[in-house]
Structures are given as C-alpha cells and as structure tokens.
Amino acid sequence: MRLIFMGTPEFAVPTLVEILGRGHEVAAVYTAPAKPAGRGMAPRPSAVEREARRFGLPVLTPETLRAPDAANSFRAHGVEAAVVVAYGLILPEPILEATPLGCFNLHASLLPRWRGAAPINRAIMAGDEETGVTVMRMEEGLDTGPIAMAERMPIGPDMTAGELHDVLARLGADLMVRALAGLERGALQLKLQPATGITLAPKIHNRETRIDWARPWKAVHDHARGLSPVPGAWFELPQSGAPLRVKALRTTCGEGRGPPGALLSGRFDVACTDGAVRIVELQRAGRQPMRAEQFLRGMKIAPGTKLG
C-alpha cells in the first residue's frame, strides 16, 4: 500500500521499520520539528526523522495541521491510508478525511482503558497486571475511534515503564502490519469501543514524581517503576548542606517495618505504611544510574535516616 507515516519518538520507530520491511511504500513521514538538545542546544531531529532519513524518505515537520492548505498538501501525496504512532499533534477532521481508507493509530493500551498521552506509565502506576496495544481507526475524539485489532500482554510485578515501552513498541509494530494486511485485503473489521471501562492517561506532571513514603509499599513500588527511567520518581536524602535528590529507578518488595521514609537496612529497604520498598537501582542528579549497593558504599547512610 502507499501510506503516510506520522510519528515522533522511539516508540514509533519499530512500526516504521516493519511497514517498510513488509513492502509498503511510505510517501511521506510527518514528525515533530527538531528541538534544541544537549550542551550546545543544537536542534535534534526526532527519532522517527532520523530513521526516515536513513531510508531516504521525505520528511515533513509542520508546527500545526490546522493551516488552510494542510489537508490539500496531505491529500496530494496520493496515499490510501495513514499510520499514526505517538505523533504528538491532533489530527483535525480535514486530515482524517484526506485519505480513502482513513488514519490508523497504534495506541499503547487496551482501549478504552488509558486513553491519552501516558498509557504505559499510568498502567504501571495503577498496578495493572495486564496491558497491550490497540490499532484503531482515528476520529476526532481522544482515542475514541473504532478498534481494528488488539494484542494483550502481562505486566511483570517489577517491570518498569521503560521495559514495557520496548516490549509494546515491538508488539505494536507487528500488530500494525497485520492490520494493514487486513485493510489491503478489505477484510479488516472494526468494532466500536465499549462504553464502560474508560480511563484517562494524562501527561505526567512534575508534581506527581516525588515519592510519598506514607503510602502502602505496593503503591510506592508501582509509582517508582511506572516513572522509570523517565521522568523518574525521586526522594531527598538528608545532607549536611542541601538535601540530595535521588531517583529510584528500580524497586521491589523490601523487608522490615518502621516510620514511613525511614531507612531500615543496609540493603536500602525504606519503610512505607504497611511494610517496605527495597531500592535496587537509583540515580543521583547529574550522575549515571547505579546499583543501590554501589551507592551505599560511597554514601554512608545510617539505618533510621529519614528520607524526604
């Protein structure tokens, strides 16, 4: 098929590669404009743009799709359908109607659960034991379109958002090419999303990232792994000067009890309201991630120290 691909982050790259590998023709790639990054703040293209350039594909980086000529430019590519994966811009109705077969979105949840920007993080933070990927035909509502295909998978008890992201990216790429095969044959069947079980997955805000030790250990654990590695759930370690901010990148069930936030052992078990969380991997601001035992060898922290 002749397609337009629309995507921006690393999550979208496997789908682009898989589409090309299956022989589809990508007439154009739409992605977010390059953003300043690094020490020199030089413009850095998106992950999708870098991959598209590697394949020699035409790349477009519009700031908006609501310009008067946007739909005409989109239609001029002469494609049958568009594939959308974490693109970042809302597709207005003229764009959605600019292809004969429609725009198909890969979403990282089992819709209608976790509609919105951060489905992977929200699923883990909520303690979900299962998630998946969904291909839907897009409409103007937020992830409300009819479902074409879905694939389920379990979430491991200690799995982080970063690990789940990578698994779902691969699973989603395979699901999308299967959906496109059905679309090409005229055999793709769509069904409306259920009216029940709807949850929203808004963007993660900075105010949500600080760890609250006065919660059950499982809630603290899910919070930490749901924000790992980015943006990272953090706490403060008391120092003689300013407190040291530390991100908890990997946690599991700990041992012991005590006042919430108290360090219970030399294994970095921290008390919560009903038990303890063990910090397995962490990261100081501006430093590389390290195992907790390495951190404790360099930072002598007495048991009973209260973490903020």
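What comes next concerns the included structure. (Residues numbered from 1 in each chain as written. Predicted model: local features only at pLDDT ≥ 70, side-chain atom pairs only at ≥ 80, totals over all residues. Heavy atoms only, no water.)

Section: the packing of helix α1 (residues 13–21) against helix α2 (residues 47–54)
Working step 1: Axis separation between α1 and α2 bottoms out at 9 Å; the angle between their running directions is 25 degrees. Between α1 and α2, the angle falls in the class roughly parallel. In this structure, α1 meets α2 at a crossing whose hand is right-handed. Contacts between α1 and α2 involve Val13, Leu16 and Val17 from the first element and Ala47, Val48, Glu51 and Ala52 from the second. (Axes fitted to C-alpha atoms, helices over the stretch in contact; angles between N-to-C directions. Helix = DSSP H or I, 4+ residues; strand = E, 2+ residues; numbered from the N terminus. Parallel < 35°, antiparallel > 145°, perpendicular 65-115°, else oblique. Left-handed = near helix turned anticlockwise from the far one by under 90°. Contact = heavy atoms within 4.5 Å.)

Topic: the environment of alanine 233
Working step 1: Along the chain, alanine 233 falls in strand β10 (residues 233–237).
Working step 2: Considered as a pair, alanine 233 and leucine 249 are 16 residues apart in the sequence and their alpha carbons are 7.3 Å apart.
Working step 3: Look past the residues within four positions of alanine 233 in its chain and what remains in contact with it is Thr209, Ile211, His223, Ala224, Leu227, Val246, Lys247 and Ala248.

Observations concerning the pairing of strand β12 (residues 269–272)
Working note: regular strand, side chains alternate between the two faces of the sheet.
Working step 1: Neither face of β12 is left uncovered, since the one carrying Asp269 and Ala271 and the one carrying Val270 and Cys272 both have all their residues buried.
Working step 2: Across four bridges, β12 lies against strand β13 (residues 275–284) in antiparallel orientation. The residue of β13 that forms the bridge with cysteine 272 is glycine 275.
Working step 3: Turn length for the β12-β13 hairpin, with the two strands adjacent in sequence and antiparallel, is two residues. (Buried < 20%, exposed > 50% of the residue type's maximum accessible area, 1.4 Å probe, protein only. Pairing = 2+ DSSP bridges.)

Concerning the pattern of salt bridges
Working step 1: In total, this model carries 18 salt bridges according to the counting rule given.
Working step 2: Of the charged contacts, one joins glutamate 18 and arginine 22 as a salt bridge, the two residues approaching to 3.0 Å between their closest N and O atoms.
Working step 3: Judged by its relative accessible area of 47%, arginine 22 is partly exposed.
Working step 4: Measuring nitrogen to oxygen at the nearest pair gives 4.0 Å for the salt bridge that ties glutamate 255 to arginine 278. Here glutamate 255, found in the loop between β11 (244–253) and β12, pairs with arginine 278, found in strand β13; they are 23 residues apart in sequence, far enough to count as distant.
Working step 5: A residue is classified by how much of its surface remains accessible, and glutamate 255, at 54% relative accessible area, is exposed.
Working step 6: With relative accessibility at 12%, the residue arginine 278 sits in the buried group.
Working step 7: One network of salt bridges, in which partners are shared, links Glu151, Asp174 and Arg178. (Salt bridge = Lys/Arg side-chain N within 4 Å of Asp/Glu carboxyl O.)

Looking at the sheet that holds strand β9 (residues 147–154)
Working step 1: Pairing is mixed across the open sheet formed by seven strands, whose spatial order is β5-β2-β1-β6-β7-β8-β9. This sheet does not close on itself; its edge strands, each paired only once, are β5 (59–60) and β9.
Working step 2: Bridging between strand β6 (residues 81–85) and strand β7 (residues 103–107) involves three bridges; their strand directions are parallel. Following the sheet pairing, alanine 82 is matched in β7 by cysteine 103.
Working step 3: In the packing of α1 onto the sheet, the strands contacted are β1 (2–7), β2 (25–30), β6 and β7, and the crossing angle to β1 comes to about 170 degrees.

Overview of unusual backbone geometry
Working step 1: Leucine 111 connects to proline 112 through a cis peptide bond whose omega is 15 degrees.
Working step 2: Note that proline 112 resides in the loop between β7 and α5 (119–125).
Working step 3: Located in the positive-phi region is tryptophan 114, a residue other than glycine, with phi close to 65 degrees.
Working step 4: As for its position among the elements, tryptophan 114 is in the loop between β7 and α5.

Some thoughts on the packing of aromatic side chains
Working step 1: The tally for this structure, following the rule as stated, stands at four aromatic pairs.
Working step 2: An aromatic cluster of three or more residues is present, and its members are Trp213, Phe235, Phe268 and Phe295. (Phe/Tyr/Trp six-rings, centres within 6.5 Å; stacked < 30°, edge-to-face > 60°.)

Points about the environment of leucine 60
Working step 1: Structurally, leucine 60 can be placed in strand β5.
Working step 2: Looking at leucine 60, the relative accessible area reads 30%, which means it is partly exposed.
Working step 3: For the pair leucine 60 and threonine 31, spaced 29 residues apart in sequence, the C-alpha separation works out to 6.4 Å.
Working step 4: Ignoring sequence-local partners within four residues, the contact set of leucine 60 consists of Ala28, Val29, Tyr30, Thr31 and His77.

So, α2
Working step 1: All of the buried residues in α2 are Ala47, Val48, Glu49, Glu51 and Ala52.
Working step 2: As for α2, its buried residues are in contact with β1, α1, β2 and β5.
Working step 3: Two residues or fewer after α2 comes glycine 56, characterised by a positive phi angle close to 70 degrees.

Focus on the state of the cysteines
Working step 1: Counted by the stated rule, this structure contains zero disulfides.
Working step 2: The thiol sulfur of cysteine 253 is not disulfide-bonded, and the nearest other cysteine sulfur, from cysteine 272, lies at 9.3 Å.
Working step 3: Judged by relative accessible area, cysteine 272 falls into the buried class, the value being 2%. (Disulfide = S-S within 2.5 Å.)

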